[in-house]
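Coordinate inspection notes
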Amino acid sequence: MSSEFWCPQRRPEGQNLAFSLVPGLRCFGVENIRNGIARPTVAPNAWVADLADAAPWLRIEWDGPRAIRKLVIKFDTDLDHPMESVLMTHPEYVMPFCVRNYRILDEEGKELYRKEGNYQTINVIEFEKPVTTRRLTIAVEHPSAETPAAVFEILCYE
């Protein structure tokens, strides 16, 4: 028995298809951050911001106030192209798809947390005291002018 195993070429030689599709695919919606799958499978399973949006954000709302003590945000670090070792050469020093800068705001717009220079897939944010709010907004910056911000999952803990 045999099966085909396909590995994409490494950047920068690896190429991808480029085409326009009208209407566009609707598989990168916000519902993906809560589907329980934090990686691509048969679907992207990620929220991907519109590249034309200069200030993309995700908002989580509850019916009533919640005391949030911890958040876990899972970003796209392109797990198909891992940076396995410093012994291998890589065309970049950070994963080009990973959101590097983001902020977390409460329902009043007060900044609760700010991260600059992120390079990790999983970000765990633990507040000193639980934050009581009805809404959290995660404001992200696109990693580059050619790469839209993407989030796989957001977990909130009381």
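Presented here is an overview of the structure given in this document. Note that the structure is predicted; figures quoted are calculated from it, not measured. (Residues numbered from 1 in each chain as written. Predicted model: local features only at pLDDT ≥ 70, side-chain atom pairs only at ≥ 80, totals over all residues. Heavy atoms only, no water.)

Describing the nonpolar core
Counting 24 residues, the largest nonpolar core has Leu71, Ile73, Tyr102, Ile104, Ile138, Val151 and Ile154 as the members making the most contacts within it. For this core, the secondary-structure elements that each account for two or more residues are β2 (57–75), β3 (102–105), β5 (122–140) and β6 (150–157). Of the residues forming this core, the biggest block, seven residues, is contributed by β2. Those residues in contact with valine 151 that lie beyond four places of it in its chain are Ile33, Ala46, Trp47, Leu58, Ile73, Lys74 and Phe75. (Core = buried A, V, L, I, M, F, W, Y, C linked by side-chain atoms within 4.5 Å. Buried < 20%, exposed > 50% of the residue type's maximum accessible area, 1.4 Å probe, protein only. Helix = DSSP H or I, 4+ residues; strand = E, 2+ residues; numbered from the N terminus. Contact = heavy atoms within 4.5 Å.)

Some details on the environment of arginine 39
The residue arginine 39 is located in the segment before β1 (47–48) in this model. On the basis of relative accessibility, which here comes to 49%, the residue arginine 39 falls in the partly exposed class. Arginine 39 sits 113 residues away from phenylalanine 152 along the chain, and the two C-alpha atoms are 6.5 Å apart. Contacts of arginine 39, omitting those with residues within four sequence positions, involve Pro44, Asn45 and Phe152.

Here we look at a nonpolar patch on the surface
Together, Leu17, Phe19, Leu21, Leu25 and Phe28 give the surface a local cluster of nonpolar side chains, amounting to about 590 Å² of exposed area. Look at leucine 25 and you get exposed, because its relative accessible area is 60%. (Patch = residues over 30% accessible without salt bridge, like charges linked within 9 Å, V, L, I, M, F, W, Y side chains within 5 Å. Areas by Shrake-Rupley, 256 points an atom, 1.4 Å probe, with all protein chains shown as cover. Salt bridge = Lys/Arg side-chain N within 4 Å of Asp/Glu carboxyl O.)

Observations concerning the environment of leucine 79
Residue position: leucine 79 is located in the loop between β2 and β3. According to the relative accessible area criterion, leucine 79 is exposed, its value standing at 60%. When the C-alpha atoms of leucine 79 and threonine 121 are compared, they prove to be 9.2 Å apart, with 42 residues separating the residues in sequence.

Some points on the sheet that holds β3
Taken together, the six strands give an open sheet; going across it, the order is β1-β6-β2-β5-β3-β4, and neighbouring strands pair in antiparallel fashion. Two strands in the sheet have a free side with no partner beyond their single neighbour: β1 and β4 (111–115). Two elements, β3 and β5, share four bridges in a ladder whose sense is antiparallel. Of the residues in β5, the one forming a bridge with leucine 105 is threonine 137. (Pairing = 2+ DSSP bridges.)

Quick look at the pairing of β4
For β3 and β4, the ladder comprises four bridges, and the chain directions are antiparallel. When the bridges of β4 are listed, leucine 105 appears paired with glutamate 111. Taken together, β3 and the strand that follows it, β4, pair antiparallel across an intervening segment of five residues, in which glycine 109 is found at a positive phi of about 85 degrees.

Side note on the pattern of salt bridges
Taken as a whole and judged by the stated rule, the model has five salt bridges. Put simply, arginine 66 and glutamate 158 hold a salt bridge, and the shortest N to O gap is 3.8 Å. Placement of arginine 66 in strand β2 and of glutamate 158 in the segment after β6 is noted, with a sequence separation of 92 residues between them. Exposure remark for glutamate 158: the relative accessible area of 53% places this residue in the exposed category. Linking arginine 114 and glutamate 116 is a salt bridge whose minimum nitrogen-to-oxygen distance equals 3.4 Å. Taken together, the shared-partner salt bridges in this structure form one network comprising Arg103, Glu111, Arg114 and Glu116.

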